[in-house]
Protein chains: 2
Amino acid sequence: MSLRHAVLAALIQGEASGYELTKRFDVGVANFWHSRPQQLYAELARLHGEGLVRAVEVVQESRPNKRLYSLTDTGTRALVDFAAGPLRPTNLRDELTVAVQCADVVEPGALLAHLGRRADEAREKLAALRRTETSILSGRDEEEFVRTTGHLGPYLTCRRGIRYEADTQEWCEWAAGLIRAKERATRPS
Amino acid sequence: MSLRHAVLAALIQGEASGYELTKRFDVGVANFWHSRPQQLYAELARLHGEGLVRAVEVVQESRPNKRLYSLTDTGTRALVDFAAGPLRPTNLRDELTVAVQCADVVEPGALLAHLGRRADEAREKLAALRRTETSILSGRDEEEFVRTTGHLGPYLTCRRGIRYEADTQEWCEWAAGLIRAKERATRPS
DNA sequence: ACGAGCATGTAAGCAGTTACATGATTCA
DNA sequence: TGAATCATGTAACTGCTTACATGCTCGT
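An unreviewed UniProt entry annotates chain A as PadR family transcriptional regulator of Streptomyces niveus.

What follows is the structure, encoded as C-alpha coordinates:
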(Lines give C-alpha, C1' and ligand atoms only; values in the text may rest on other atoms or scores of the structure.)
Protein backbone atom coordinates (compact mmCIF):
# COMPACT_ATOMS: atom_id res chain seq x y z
CA MET A 1 0.00 0.00 0.00
CA SER A 2 2.32 2.75 -1.13
CA LEU A 3 -0.11 4.02 -3.73
CA ARG A 4 -0.94 6.41 -0.90
CA HIS A 5 2.45 8.11 -1.25
CA ALA A 6 2.07 8.43 -5.00
CA VAL A 7 -1.33 10.07 -4.46
CA LEU A 8 0.00 12.44 -1.80
CA ALA A 9 2.97 13.27 -4.03
CA ALA A 10 0.64 14.01 -6.94
CA LEU A 11 -1.24 16.48 -4.73
CA ILE A 12 1.99 18.49 -4.31
CA GLN A 13 1.17 19.95 -7.71
CA GLY A 14 -2.01 21.38 -6.24
CA GLU A 15 -5.48 20.32 -5.12
CA ALA A 16 -7.41 18.00 -7.39
CA SER A 17 -10.57 15.93 -7.57
CA GLY A 18 -10.46 12.17 -8.02
CA TYR A 19 -11.23 12.62 -11.67
CA GLU A 20 -8.51 15.23 -12.16
CA LEU A 21 -6.07 12.93 -10.39
CA THR A 22 -6.82 10.15 -12.86
CA LYS A 23 -5.76 12.61 -15.57
CA ARG A 24 -2.50 13.36 -13.74
CA PHE A 25 -1.93 9.64 -13.38
CA ASP A 26 -2.32 9.34 -17.16
CA VAL A 27 0.34 11.87 -18.08
CA GLY A 28 2.98 13.01 -15.59
CA VAL A 29 2.49 10.55 -12.77
CA ALA A 30 2.32 7.65 -15.26
CA ASN A 31 6.08 7.92 -15.49
CA PHE A 32 6.49 6.81 -11.91
CA TRP A 33 3.23 5.27 -10.75
CA HIS A 34 0.49 3.35 -12.46
CA SER A 35 -3.02 3.03 -11.05
CA ARG A 36 -6.61 2.58 -12.17
CA PRO A 37 -9.26 5.20 -11.37
CA GLN A 38 -11.20 2.92 -9.00
CA GLN A 39 -8.13 2.44 -6.89
CA LEU A 40 -7.52 6.19 -6.75
CA TYR A 41 -11.06 6.88 -5.53
CA ALA A 42 -10.71 4.18 -2.88
CA GLU A 43 -7.33 5.49 -1.75
CA LEU A 44 -8.55 9.10 -1.58
CA ALA A 45 -11.44 8.00 0.65
CA ARG A 46 -9.00 6.19 2.94
CA LEU A 47 -6.56 9.11 3.05
CA HIS A 48 -9.44 11.41 3.89
CA GLY A 49 -10.58 9.09 6.66
CA GLU A 50 -7.08 9.14 8.12
CA GLY A 51 -6.77 12.92 7.87
CA LEU A 52 -3.90 12.96 5.37
CA VAL A 53 -5.95 14.95 2.87
CA ARG A 54 -8.84 17.38 3.28
CA ALA A 55 -11.83 17.43 0.95
CA VAL A 56 -13.87 20.41 -0.21
CA GLU A 57 -17.17 19.77 -1.98
CA VAL A 58 -17.48 21.98 -5.06
CA VAL A 59 -20.99 22.46 -6.38
CA GLN A 60 -21.04 22.85 -10.17
CA GLU A 61 -23.75 23.71 -12.62
CA SER A 62 -24.09 21.77 -15.86
CA ARG A 63 -21.59 19.28 -14.48
CA PRO A 64 -21.55 16.76 -11.62
CA ASN A 65 -20.31 18.09 -8.30
CA LYS A 66 -16.79 17.17 -7.30
CA ARG A 67 -14.65 16.89 -4.18
CA LEU A 68 -11.36 18.80 -4.30
CA TYR A 69 -8.67 17.11 -2.26
CA SER A 70 -5.54 18.78 -0.89
CA LEU A 71 -2.67 17.85 1.45
CA THR A 72 -3.04 18.42 5.19
CA ASP A 73 -0.01 18.95 7.46
CA THR A 74 -0.32 15.33 8.54
CA GLY A 75 -0.27 14.30 4.90
CA THR A 76 2.83 16.34 4.22
CA ARG A 77 4.53 14.82 7.24
CA ALA A 78 3.66 11.34 5.95
CA LEU A 79 5.45 12.24 2.72
CA VAL A 80 8.51 13.50 4.57
CA ASP A 81 8.70 10.26 6.58
CA PHE A 82 8.28 8.22 3.44
CA ALA A 83 11.10 9.99 1.61
CA ALA A 84 13.39 9.62 4.63
CA GLY A 85 12.79 5.87 4.93
CA PRO A 86 13.88 2.94 2.75
CA LEU A 87 12.48 2.77 -0.79
CA ARG A 88 11.38 -0.37 -2.60
CA PRO A 89 13.08 -1.25 -5.87
CA THR A 90 11.45 -0.23 -9.14
CA ASN A 91 8.55 -2.42 -10.15
CA LEU A 92 8.19 -2.55 -13.93
CA ARG A 93 5.94 -4.70 -16.10
CA ASP A 94 5.99 -4.09 -19.83
CA GLU A 95 4.27 -6.53 -22.15
CA LEU A 96 5.64 -4.82 -25.26
CA THR A 97 9.20 -5.72 -24.30
CA VAL A 98 8.10 -9.27 -23.48
CA ALA A 99 6.70 -9.50 -27.00
CA VAL A 100 9.90 -8.08 -28.49
CA GLN A 101 11.93 -10.66 -26.57
CA CYS A 102 10.06 -13.22 -28.69
CA ALA A 103 11.13 -11.58 -31.97
CA ASP A 104 12.78 -14.79 -33.22
CA VAL A 105 9.71 -16.99 -32.84
CA VAL A 106 6.80 -14.66 -33.71
CA GLU A 107 5.85 -13.15 -37.03
CA PRO A 108 7.23 -9.62 -37.50
CA GLY A 109 3.89 -8.15 -38.56
CA ALA A 110 2.14 -7.87 -35.22
CA LEU A 111 5.38 -6.88 -33.50
CA LEU A 112 6.00 -4.01 -35.90
CA ALA A 113 2.42 -2.82 -35.40
CA HIS A 114 2.86 -2.86 -31.60
CA LEU A 115 6.16 -0.97 -31.84
CA GLY A 116 4.65 1.62 -34.16
CA ARG A 117 1.70 2.21 -31.86
CA ARG A 118 3.94 2.53 -28.82
CA ALA A 119 6.20 4.99 -30.63
CA ASP A 120 3.13 7.09 -31.44
CA GLU A 121 1.97 7.04 -27.84
CA ALA A 122 5.45 8.08 -26.73
CA ARG A 123 5.39 11.00 -29.15
CA GLU A 124 2.04 12.18 -27.78
CA LYS A 125 3.15 11.86 -24.17
CA LEU A 126 6.34 13.73 -24.99
CA ALA A 127 4.34 16.62 -26.41
CA ALA A 128 2.17 16.75 -23.27
CA LEU A 129 5.18 16.58 -20.96
CA ARG A 130 6.97 19.33 -22.88
CA ARG A 131 3.93 21.55 -22.36
CA THR A 132 4.06 20.75 -18.64
CA GLU A 133 7.78 21.54 -18.60
CA THR A 134 7.23 24.91 -20.25
CA SER A 135 4.50 25.81 -17.78
CA ILE A 136 6.70 24.83 -14.81
CA LEU A 137 9.69 26.83 -16.04
CA SER A 138 7.43 29.72 -17.15
CA GLY A 139 10.13 31.54 -19.06
CA ARG A 140 12.97 31.12 -16.56
CA ASP A 141 16.19 29.37 -17.54
CA GLU A 142 17.27 26.43 -15.40
CA GLU A 143 19.61 28.36 -13.15
CA GLU A 144 17.09 31.08 -12.33
CA PHE A 145 14.34 28.50 -11.97
CA VAL A 146 16.23 26.51 -9.33
CA ARG A 147 16.80 29.67 -7.28
CA THR A 148 13.24 30.90 -7.39
CA THR A 149 10.94 27.87 -7.57
CA GLY A 150 8.93 25.95 -5.03
CA HIS A 151 8.27 23.24 -7.62
CA LEU A 152 11.67 21.65 -8.15
CA GLY A 153 10.25 18.16 -7.46
CA PRO A 154 7.62 18.27 -10.21
CA TYR A 155 10.24 19.64 -12.62
CA LEU A 156 12.65 16.79 -11.87
CA THR A 157 10.00 14.12 -12.35
CA CYS A 158 8.72 15.84 -15.49
CA ARG A 159 12.24 15.71 -16.93
CA ARG A 160 12.42 12.03 -16.01
CA GLY A 161 9.24 11.47 -17.99
CA ILE A 162 10.54 13.42 -20.97
CA ARG A 163 13.76 11.41 -21.05
CA TYR A 164 11.85 8.15 -20.66
CA GLU A 165 9.35 8.81 -23.42
CA ALA A 166 12.02 10.11 -25.81
CA ASP A 167 14.07 6.98 -25.14
CA THR A 168 11.04 4.75 -25.62
CA GLN A 169 10.24 6.34 -28.96
CA GLU A 170 13.81 5.99 -30.22
CA TRP A 171 14.09 2.41 -29.07
CA CYS A 172 10.79 1.40 -30.66
CA GLU A 173 11.85 2.85 -34.01
CA TRP A 174 15.33 1.34 -33.80
CA ALA A 175 13.96 -2.10 -32.83
CA ALA A 176 11.40 -1.98 -35.66
CA GLY A 177 14.26 -1.16 -38.04
CA LEU A 178 16.28 -4.20 -37.00
CA ILE A 179 13.26 -6.49 -37.15
CA ARG A 180 12.60 -5.30 -40.70
CA ALA A 181 16.27 -5.73 -41.60
CA LYS A 182 16.23 -9.30 -40.33
CA GLU A 183 13.06 -10.00 -42.29
CA ARG A 184 14.66 -8.71 -45.50
CA ALA A 185 17.83 -10.71 -44.84
CA THR A 186 15.99 -13.93 -43.99
CA ARG A 187 12.75 -14.14 -45.97
CA PRO A 188 14.02 -13.84 -49.57
CA SER A 189 16.49 -16.69 -49.12
CA MET B 1 -1.58 -13.48 -14.89
CA SER B 2 0.77 -12.51 -17.68
CA LEU B 3 3.80 -13.31 -15.60
CA ARG B 4 3.50 -16.57 -17.51
CA HIS B 5 4.46 -14.83 -20.76
CA ALA B 6 7.42 -13.15 -19.13
CA VAL B 7 8.61 -16.54 -17.83
CA LEU B 8 8.14 -18.22 -21.21
CA ALA B 9 9.93 -15.30 -22.90
CA ALA B 10 12.82 -15.61 -20.45
CA LEU B 11 13.17 -19.27 -21.39
CA ILE B 12 13.82 -18.24 -25.01
CA GLN B 13 17.36 -17.55 -23.86
CA GLY B 14 17.69 -21.23 -22.96
CA GLU B 15 16.61 -23.74 -20.35
CA ALA B 16 16.90 -22.70 -16.71
CA SER B 17 16.03 -23.82 -13.20
CA GLY B 18 13.76 -21.75 -10.98
CA TYR B 19 16.79 -20.42 -9.19
CA GLU B 20 18.58 -19.48 -12.42
CA LEU B 21 15.42 -17.75 -13.60
CA THR B 22 15.37 -15.59 -10.48
CA LYS B 23 18.88 -14.47 -11.51
CA ARG B 24 17.68 -13.63 -15.02
CA PHE B 25 14.78 -11.72 -13.49
CA ASP B 26 17.32 -9.71 -11.49
CA VAL B 27 19.40 -8.54 -14.45
CA GLY B 28 18.06 -8.69 -17.99
CA VAL B 29 14.41 -9.46 -17.43
CA ALA B 30 14.20 -6.84 -14.65
CA ASN B 31 14.09 -4.24 -17.41
CA PHE B 32 10.72 -5.46 -18.55
CA TRP B 33 9.25 -7.66 -15.82
CA HIS B 34 9.52 -7.70 -12.07
CA SER B 35 8.71 -10.74 -9.95
CA ARG B 36 9.67 -12.37 -6.63
CA PRO B 37 11.23 -15.84 -6.54
CA GLN B 38 8.22 -17.46 -4.84
CA GLN B 39 5.97 -16.32 -7.64
CA LEU B 40 8.36 -17.70 -10.25
CA TYR B 41 8.42 -21.13 -8.62
CA ALA B 42 4.63 -21.15 -8.42
CA GLU B 43 4.29 -20.06 -12.05
CA LEU B 44 6.79 -22.66 -13.27
CA ALA B 45 4.83 -25.38 -11.49
CA ARG B 46 1.62 -24.16 -13.15
CA LEU B 47 3.23 -23.90 -16.62
CA HIS B 48 4.57 -27.42 -16.19
CA GLY B 49 1.14 -28.69 -15.18
CA GLU B 50 -0.32 -27.13 -18.34
CA GLY B 51 2.40 -28.52 -20.58
CA LEU B 52 3.85 -25.16 -21.65
CA VAL B 53 7.27 -26.08 -20.28
CA ARG B 54 9.01 -29.41 -19.74
CA ALA B 55 11.09 -30.18 -16.67
CA VAL B 56 14.24 -32.29 -16.41
CA GLU B 57 15.48 -33.25 -12.97
CA VAL B 58 19.24 -32.74 -12.73
CA VAL B 59 20.98 -34.63 -9.92
CA GLN B 60 23.95 -32.70 -8.55
CA GLU B 61 26.68 -33.62 -6.10
CA SER B 62 27.71 -31.13 -3.45
CA ARG B 63 24.68 -29.04 -4.36
CA PRO B 64 20.88 -29.45 -4.14
CA ASN B 65 19.28 -31.08 -7.17
CA LYS B 66 17.46 -28.81 -9.60
CA ARG B 67 14.76 -28.97 -12.24
CA LEU B 68 15.74 -27.54 -15.62
CA TYR B 69 12.77 -26.04 -17.43
CA SER B 70 12.53 -25.45 -21.17
CA LEU B 71 9.86 -24.38 -23.67
CA THR B 72 7.61 -26.98 -25.27
CA ASP B 73 5.96 -26.45 -28.66
CA THR B 74 2.75 -25.59 -26.86
CA GLY B 75 4.65 -23.02 -24.81
CA THR B 76 6.15 -21.46 -27.91
CA ARG B 77 2.72 -21.30 -29.51
CA ALA B 78 1.37 -19.57 -26.40
CA LEU B 79 4.07 -16.91 -26.87
CA VAL B 80 3.22 -16.46 -30.52
CA ASP B 81 -0.47 -15.98 -29.67
CA PHE B 82 0.43 -13.53 -26.91
CA ALA B 83 2.61 -11.39 -29.20
CA ALA B 84 -0.10 -11.36 -31.87
CA GLY B 85 -2.81 -10.21 -29.44
CA PRO B 86 -3.41 -6.90 -27.68
CA LEU B 87 -0.80 -5.77 -25.14
CA ARG B 88 -1.51 -4.05 -21.86
CA PRO B 89 0.02 -0.62 -21.21
CA THR B 90 3.27 -0.38 -19.29
CA ASN B 91 2.85 -0.77 -15.57
CA LEU B 92 5.53 1.14 -13.67
CA ARG B 93 5.88 1.81 -9.94
CA ASP B 94 8.97 3.65 -8.78
CA GLU B 95 9.18 4.92 -5.22
CA LEU B 96 12.41 6.83 -5.89
CA THR B 97 10.65 9.13 -8.33
CA VAL B 98 7.76 9.56 -5.88
CA ALA B 99 10.32 10.69 -3.29
CA VAL B 100 11.95 13.07 -5.78
CA GLN B 101 8.54 14.57 -6.57
CA CYS B 102 8.55 15.67 -2.91
CA ALA B 103 11.90 17.49 -3.25
CA ASP B 104 10.38 20.80 -2.11
CA VAL B 105 8.99 19.51 1.17
CA VAL B 106 11.57 16.93 2.30
CA GLU B 107 15.11 17.44 3.50
CA PRO B 108 17.69 17.02 0.72
CA GLY B 109 19.90 14.64 2.74
CA ALA B 110 17.89 11.42 2.44
CA LEU B 111 16.92 12.24 -1.15
CA LEU B 112 20.55 12.68 -2.23
CA ALA B 113 21.45 9.39 -0.54
CA HIS B 114 18.64 7.58 -2.37
CA LEU B 115 19.69 9.10 -5.71
CA GLY B 116 23.32 8.18 -5.13
CA ARG B 117 22.44 4.58 -4.33
CA ARG B 118 20.21 4.26 -7.35
CA ALA B 119 22.90 5.70 -9.60
CA ASP B 120 25.33 3.08 -8.26
CA GLU B 121 22.83 0.28 -8.87
CA ALA B 122 22.31 1.56 -12.41
CA ARG B 123 26.08 1.55 -13.01
CA GLU B 124 26.33 -2.07 -11.86
CA LYS B 125 23.38 -3.19 -13.94
CA LEU B 126 24.84 -1.39 -16.93
CA ALA B 127 28.08 -3.32 -16.55
CA ALA B 128 26.21 -6.62 -16.35
CA LEU B 129 24.05 -5.78 -19.36
CA ARG B 130 27.10 -4.73 -21.41
CA ARG B 131 28.62 -8.14 -20.70
CA THR B 132 25.38 -9.76 -21.88
CA GLU B 133 25.42 -7.60 -25.02
CA THR B 134 29.00 -8.60 -25.82
CA SER B 135 28.19 -12.27 -25.41
CA ILE B 136 25.10 -11.99 -27.63
CA LEU B 137 26.98 -10.17 -30.38
CA SER B 138 30.04 -12.43 -29.96
CA GLY B 139 32.32 -10.36 -32.13
CA ARG B 140 29.86 -9.60 -34.93
CA ASP B 141 28.96 -6.04 -35.86
CA GLU B 142 25.27 -5.16 -35.84
CA GLU B 143 24.69 -5.70 -39.54
CA GLU B 144 26.30 -9.13 -39.60
CA PHE B 145 24.61 -10.04 -36.32
CA VAL B 146 21.12 -9.34 -37.65
CA ARG B 147 21.75 -11.54 -40.69
CA THR B 148 23.14 -14.49 -38.78
CA THR B 149 21.48 -14.58 -35.35
CA GLY B 150 18.59 -16.49 -33.89
CA HIS B 151 18.66 -14.23 -30.82
CA LEU B 152 17.54 -10.88 -32.14
CA GLY B 153 14.83 -10.64 -29.45
CA PRO B 154 17.20 -10.94 -26.49
CA TYR B 155 19.53 -8.41 -28.14
CA LEU B 156 16.72 -5.86 -28.60
CA THR B 157 15.58 -6.18 -24.98
CA CYS B 158 19.17 -6.09 -23.75
CA ARG B 159 19.66 -2.80 -25.61
CA ARG B 160 16.46 -1.50 -24.05
CA GLY B 161 17.90 -2.30 -20.64
CA ILE B 162 21.22 -0.64 -21.43
CA ARG B 163 19.50 2.54 -22.57
CA TYR B 164 17.20 2.53 -19.55
CA GLU B 165 19.96 2.05 -16.98
CA ALA B 166 22.22 4.62 -18.63
CA ASP B 167 19.35 7.10 -18.62
CA THR B 168 18.54 6.33 -15.00
CA GLN B 169 22.13 6.93 -13.95
CA GLU B 170 22.35 10.24 -15.79
CA TRP B 171 19.02 11.44 -14.45
CA CYS B 172 19.89 10.53 -10.85
CA GLU B 173 23.14 12.47 -11.05
CA TRP B 174 21.53 15.45 -12.77
CA ALA B 175 18.65 15.54 -10.27
CA ALA B 176 21.08 15.33 -7.34
CA GLY B 177 23.00 18.25 -8.85
CA LEU B 178 19.89 20.45 -9.04
CA ILE B 179 18.83 19.52 -5.51
CA ARG B 180 22.27 20.53 -4.23
CA ALA B 181 22.15 23.73 -6.26
CA LYS B 182 18.79 24.62 -4.76
CA GLU B 183 20.13 23.89 -1.28
CA ARG B 184 23.11 26.21 -1.83
CA ALA B 185 20.85 28.92 -3.23
CA THR B 186 18.28 28.67 -0.44
CA ARG B 187 19.94 27.67 2.80
CA PRO B 188 22.59 30.42 3.24
CA SER B 189 20.00 33.17 2.83
C1' DA C 1 32.09 -20.50 13.28
C1' DC C 2 29.46 -17.69 10.17
C1' DG C 3 27.68 -15.78 6.16
C1' DA C 4 26.79 -16.26 1.29
C1' DG C 5 25.25 -19.04 -2.41
C1' DC C 6 22.47 -22.93 -4.12
C1' DA C 7 17.75 -24.75 -4.39
C1' DT C 8 12.76 -25.10 -3.53
C1' DG C 9 8.75 -24.19 -1.70
C1' DT C 10 3.95 -23.15 1.75
C1' DA C 11 0.44 -20.08 3.82
C1' DA C 12 -1.74 -15.87 4.95
C1' DG C 13 -2.87 -11.51 3.75
C1' DC C 14 -3.01 -7.32 1.07
C1' DA C 15 -2.91 -4.73 -3.21
C1' DG C 16 -4.55 -4.32 -7.73
C1' DT C 17 -7.65 -5.55 -11.73
C1' DT C 18 -12.06 -6.37 -14.06
C1' DA C 19 -16.72 -5.96 -14.52
C1' DC C 20 -20.63 -3.43 -13.42
C1' DA C 21 -23.44 0.83 -12.20
C1' DT C 22 -25.28 5.70 -12.88
C1' DG C 23 -26.39 10.04 -15.11
C1' DA C 24 -26.02 14.74 -16.87
C1' DT C 25 -23.82 17.75 -20.64
C1' DT C 26 -21.52 18.89 -24.84
C1' DC C 27 -20.07 18.29 -29.46
C1' DA C 28 -20.21 16.21 -34.18
C1' DT D 1 -28.41 9.85 -32.28
C1' DG D 2 -24.36 8.46 -30.55
C1' DA D 3 -19.80 9.16 -28.58
C1' DA D 4 -16.86 11.72 -25.41
C1' DT D 5 -16.19 14.24 -21.10
C1' DC D 6 -17.20 14.96 -16.33
C1' DA D 7 -17.73 12.58 -11.87
C1' DT D 8 -17.85 8.82 -8.43
C1' DG D 9 -18.09 4.66 -6.89
C1' DT D 10 -19.23 -1.08 -5.42
C1' DA D 11 -18.25 -6.10 -5.61
C1' DA D 12 -15.87 -10.10 -6.90
C1' DC D 13 -11.80 -11.92 -8.04
C1' DT D 14 -6.89 -12.76 -8.87
C1' DG D 15 -2.24 -11.70 -8.70
C1' DC D 16 1.49 -10.33 -5.80
C1' DT D 17 3.97 -9.68 -1.46
C1' DT D 18 5.55 -10.95 3.15
C1' DA D 19 6.76 -14.07 6.47
C1' DC D 20 8.22 -18.53 7.36
C1' DA D 21 10.64 -23.15 6.48
C1' DT D 22 14.61 -26.36 5.24
C1' DG D 23 19.28 -27.93 4.49
C1' DC D 24 23.77 -28.67 2.27
C1' DT D 25 28.46 -26.70 0.64
C1' DC D 26 32.07 -23.44 0.06
C1' DG D 27 35.02 -19.75 1.25
C1' DT D 28 37.06 -16.60 5.06
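Further remarks concern the overall build of chain A. Counting secondary structure elements, chain A contains eight helices and three strands. For chain A, the N- to C-terminal ordering of α and β elements is α-α-α-β-β-α-β-α-α-α-α. Its C-alpha radius of gyration of 21 Å places chain A more than 25% over the 16 Å reference for a compact globule of 189 residues. Taken over 189 residues, chain A has a buried fraction of 50%. For chain A, the accessible surface area stands at approximately 9,200 Å², while carbon and sulfur atoms represent 50% of it. If you average the places of the 27 positive and of the 26 negative side-chain charges in chain A, the two averages end up 2 Å apart.

This part takes up the environment of Ala55(B). Residues and elements named next belong to chain B. Its location among the elements puts Ala55 in strand 1 (residues 53-58). Taking the C-alpha atoms as reference, Ala55 lies 23 Å from His34; in sequence the two are 21 residues apart. The contacts of Ala55, once residues within four sequence positions are left out, are His48, Arg67, Leu68 and Tyr69.

Turning our eyes to something else, we now look at helix 3 (residues 37-49) of chain B. All names here are of chain B. The first and last C-alpha atoms of helix 3 sit 18 Å apart over 13 residues, in line with the 18 Å expected at 1.5 Å per residue. Buried within helix 3 are the following residues: Leu40, Glu43, Leu44 and Leu47. Mapping the buried residues of helix 3 onto a view down its axis gives an arc of 105 degrees, with all of them on the same face. Residues of helix 3 that are exposed and angled more than 90 degrees away from the buried face: Gln38 and Gly49. Check the buried side of helix 3 and you find it contacts helix 1 (3-10), helix 2 (18-24), strand 1 and strand 2 (66-71). After helix 3 finishes, the residue Gly51 shows a positive phi value of roughly 80 degrees.

Comment: phi is negative for the bulk of residues other than glycine, and the bulk of peptide bonds are trans. Positive phi is not limited to glycine here, since Ser138(A) has a value of about 35 degrees. Phi at Ser62(B) is positive, roughly 60 degrees, even though this residue is not glycine. Considering the arrangement of structural elements, one finds Ser62(B) in the loop between strand 1 and strand 2. The exposure class of Ser62(B) is exposed, given its relative accessible area of 76%.

Next up on the list: the interface of chain B and chain A. Contacts between the two partners involve 71 residues from chain B, matched on the other side by 72 residues from chain A. Carbon and sulfur atoms make up 62% of the area that chain B and chain A hide from each other, which totals about 7,100 Å². For the pair chain B and chain A, the interface holds six salt bridges. At the surface where chain B touches chain A, the tally comes to 36 residue pairs in polar contact (both at pLDDT 80 or more). Elements with a contribution of two residues or more to the side of chain B that touches chain A: helix 1, helix 4 (73-84), strand 3 (91-93), helix 5 (95-101), helix 6 (108-137), helix 7 (142-148) and helix 8 (152-186) of chain B. Here the side of chain B that touches chain A takes 21 residues from helix 8 of chain B, the largest share from any one element. Of the residues that constitute the side of chain B that touches chain A, the class distribution is 39 nonpolar, 18 polar and 14 charged. Relative to strand 3 of chain B, strand 3 (residues 91-93) of chain A runs antiparallel, the two being bridged by three bridges. If you follow Leu92(A) over to strand 3 of chain B, its bridge partner there is Leu92(B).

Here we come to the protein's contact with DNA strand C. Contacts to DNA strand C come from 23 residues, most closely from Met1(A), Gln39(A), Tyr19(B), Gln60(B) and Arg67(B). Sugar plus phosphate: this is where 72% of the atoms of DNA strand C within 4 Å of the protein reside. Measuring from a phosphate oxygen of DNA strand C, one finds a side-chain N or O atom of Asn91(B) at 3.5 Å. Note that a sugar or linking oxygen of DNA strand C is positioned 3.3 Å from one of the side-chain N or O atoms of Arg93(B).

This paragraph deals with the nonpolar core. Core analysis: the largest hydrophobic core is formed by 53 residues, its most contacted members being Leu21(A), Phe25(A), Leu156(A) and Leu115(B). Leave out the neighbours within four places in its chain, and Phe25(A) touches Leu3(A), Ala6(A), Val7(A), Ala10(A), Ala30(A), Trp33(A), Ser35(A) and Leu40(A). One finds Ala119(A), Trp171(A), Leu178(A) and Ala16(B) within the second-largest nonpolar core, a separate group that totals 52 residues.

Parameters at a glance
Residues numbered from 1 in each chain as written. Chains lettered and ligands numbered in written order. Predicted model: local features only at pLDDT ≥ 70, side-chain atom pairs only at ≥ 80, totals over all residues. Heavy atoms only, no water. Helix = DSSP H or I, 4+ residues; strand = E, 2+ residues; numbered from the N terminus. Rg over C-alpha atoms; globule rule 2.2 N^0.38 Å. Buried < 20%, exposed > 50% of the residue type's maximum accessible area, 1.4 Å probe, protein only. Areas by Shrake-Rupley, 256 points an atom, 1.4 Å probe, with all protein chains shown as cover. Lys, Arg positive; Asp, Glu negative; His and termini not counted. Charge placed at Lys NZ, Arg CZ, Asp CG, Glu CD. Contact = heavy atoms within 4.5 Å. Expected span 1.5 Å × (residues − 1). Arc of directions from axis to C-beta. Buried area = accessible area lost by both parts, 1.4 Å probe. Salt bridge = Lys/Arg side-chain N within 4 Å of Asp/Glu carboxyl O. Polar contact = N/O pair within 3.5 Å; in protein donor to acceptor, adjacent residues only side chain to side chain. Nonpolar A, V, L, I, M, F, W, Y, C, P; charged D, E, K, R; others polar. Pairing = 2+ DSSP bridges. Near = heavy atom within 4 Å. Core = buried A, V, L, I, M, F, W, Y, C linked by side-chain atoms within 4.5 Å.

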